[in-house]
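The primary structure of each chain is shown beneath.
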Amino acid sequence: MNNIYNFSAGPAMLPKEIMLKAQNQLLNWNNLGVSILELSHRSTEFIYFFKKCIENLRYLLNIPKEYTILFCHGGARGQFSAIPMNLLNQQDTTDYICSGFWSQAAAKEAKKYCYVNVINIIQKKTCGNISLIPMKEWPIQNNSKYIHYCPNETIEGIAIEEEPIWFQNRKIIGDFSSTLLSKEINIKKYAMIYASAQKNVGVSGLTIVIIKKELLCLNNKFIPSILNYSTLYNSQSMFNTPATFSWYIAGLIFKWLINLGGVKSIEKKNNKKSSYLYHFIDHSKFYHNNIEKKYRSKMNVTFDLKNKELTNVFVKEAIEYKLLALKGHVARGGIRASLYNSMPFSGVKKLVKFMSLFEQKYH
Ligand SMILES: *Cc1c(COP(=O)(O)O)cnc(C)c1O
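Residues numbered from 1 in each chain as written. Predicted model: local features only at pLDDT ≥ 70, side-chain atom pairs only at ≥ 80, totals over all residues. Heavy atoms only, no water.

A.B. asks: What's the story with the packing of aromatic side chains in this structure? I'm lost.
C.D. replies: Throughout the structure, instances matching the rule amount to 27 aromatic pairs. Seen from their ring centres, Trp-29 and Phe-49 are 5.8 Å apart, and the 85° between their planes marks the pair as edge-to-face. Note that Trp-29 is positioned in the loop between helix 1 (16–25) and helix 2 (44–61) and Phe-49 in helix 2, a separation of 20 residues in sequence. Summarising the burial analysis for this pair, Trp-29 and Phe-49 share the class buried. Every member of this aromatic cluster is reached through a ring pair, and the members are Phe-280, Phe-286, Tyr-287, Phe-303, Phe-314, Tyr-321, Phe-354, Phe-358 and Tyr-362. Above the plane of the ring of Phe-345 lies Lys-272, whose end atom (NZ or CZ) is 4.1 Å from the centre. (Phe/Tyr/Trp six-rings, centres within 6.5 Å; stacked < 30°, edge-to-face > 60°. Helix = DSSP H or I, 4+ residues; strand = E, 2+ residues; numbered from the N terminus. Buried < 20%, exposed > 50% of the residue type's maximum accessible area, 1.4 Å probe, protein only. Lys NZ or Arg CZ within 6 Å of the ring centre and 35° of its normal.)

And the structure:
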């Protein structure tokens, strides 16, 4: 298993030390003589663990008191439905900013529950490059209840790094599924952010919602209880049996991040990894990335081979070189290297080495 690097977009790689720890503790967690897999979520030990887990996440992201953290089911897609259900009435109107696959999917789902003003911010430049309409020029409506956007489009590798500005005190909601905990953010700029765990936080089964408490009050009785933020808040995220193992892994990851020096420190590492790869791509005549530099994702680096016929050969030979899951999502094609928190710099170095060898072979 040594020297294998997994660039999967999600479920994504985990730090080896976390998996070893989970393996080590699997049969006997906390000296209880039983596994975390067979322990009640109502047990004193699990509740204590969860309390610490939430405290650590609050510390890592500097989450103010006015916000609550909910651990939910149903993935980010579950939130695509839960958000309009919880925060709106059917006659309300919203703004959905579309910068790629996932923000479009969120808008499409929301249309079932409210009026959605879709704002496509992707611009094709004459040179063929992809750019975005800057935030201050987003054509927001006067009467929308909230603005939803996705700061990191996992499939296209497009990111909006700048923090949201207040549009006349409009509520801002962000889908942080592929970027939560990768960099410092100012939670106060948002009414709510959410992320499914299997990209940058842990394993699938857990969806994290961070929401201003004052938004919990609208209590529509038609919302399924497991999607109802007030119900989840009142039951400490344990209205029904939670995905305990996913919560456990997330808890290990939070501790791991704190030991590494927190989000600020991982952000530096992440910047170094993506800059190294983009620098190589930009200085090559063989590979190409067509996104304006300002909007390139640091988590999901997408690129194409100028000779597209070599894409499958690239993916196949990369696997032989022990670099896995580089094939781009079917909706985009090409290559995608996901460089989440768990990916060490050595993985990116090895990828660049391979890309260079591949170019020498086929140019
Ligand atoms: C993966 C992803 C989703 C979908 O997440 P699920 O947990 O599969 O529902 C939504 N948004 C973004 C930005 C993603 O990366």
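A.B. asks: Could you clarify how one ought to interpret the UniProt feature "binding site: pyridoxal 5'-phosphate" (unreviewed entry) in the protein in this entry?
C.D. replies: Look at the UniProt record and you will see "binding site: pyridoxal 5'-phosphate" (unreviewed entry) annotated at Ala-76, Arg-77, Trp-102, Thr-154, Asp-175, Gln-198, Asn-240 and Thr-241. These annotated residues cover 166 residues of sequence, and their C-alpha atoms reach 30.0 Å apart at the extremes, leaving them scattered rather than at a single site. Along the polypeptide, Trp-102 turns up in helix 4 (residues 101–110). Residue classification places Trp-102 among the buried positions, given a relative accessible area of 19%. Aside from chain neighbours lying at most four places away, what touches Trp-102 is Arg-77, Phe-80, Glu-153, Thr-154, Ile-155 and Asp-175. Setting aside residues no more than four positions away along its own chain, Asn-240 makes contact with His-41, His-73 and Ile-226. (UniProt positions renumbered as here; feature names shortened; annotations may be inferred. Contact = heavy atoms within 4.5 Å.)

A.B. asks: Just checking my understanding: could you explain the site of the ligand for this structure?
C.D. replies: As a matter of local geometry, the ligand sits amid 14 residues, with Arg-77, Thr-154, Asp-175, Gln-198 and Lys-199 nearest to it. At 2.6 Å, a side-chain N or O of Asp-175 approaches a nitrogen atom of the ligand. Residue Gln-198 places a side-chain N or O atom 3.0 Å away from an oxygen atom belonging to the ligand. Summarising the interface, the protein chains cover 87% of the accessible area of the ligand, which totals 380 Å² for the free molecule. The biggest single contributor to the shell around the ligand is helix 3 (residues 75–87), with 4 residues. Residues of the shell around the ligand, tallied by class, amount to 4 nonpolar, 7 polar and 3 charged. (Near = heavy atom within 4 Å. Polar contact = N/O pair within 3.5 Å; in protein donor to acceptor, adjacent residues only side chain to side chain. Areas by Shrake-Rupley, 256 points an atom, 1.4 Å probe, with all protein chains shown as cover. Nonpolar A, V, L, I, M, F, W, Y, C, P; charged D, E, K, R; others polar.)

A.B. asks: Honestly, the sheet that holds strand 16 (residues 335–338) in this entry has me stumped. Any pointers?
C.D. replies: In any sheet, the strands associate via hydrogen bonds between backbone groups, in a parallel or an antiparallel arrangement. Strand order in the open sheet formed by 3 strands is 13-14-16, with antiparallel pairing between adjacent strands. Of all strands in the sheet, those with a lone pairing partner are strand 13 (287–288) and strand 16, marking the two edges. As defined by bridge partners, strand 14 (residues 300–305) adjoins strand 16 across 4 bridges and the pair is classed as antiparallel. If you follow Asn-300 over to strand 16, its bridge partner there is Ser-338. Across the sheet, helix 7 (residues 262–282) is in contact with strand 13, strand 14 and strand 16; its angle to strand 14 comes to roughly 15°. (Pairing = 2+ DSSP bridges. Axes fitted to C-alpha atoms, helices over the stretch in contact; angles between N-to-C directions.)

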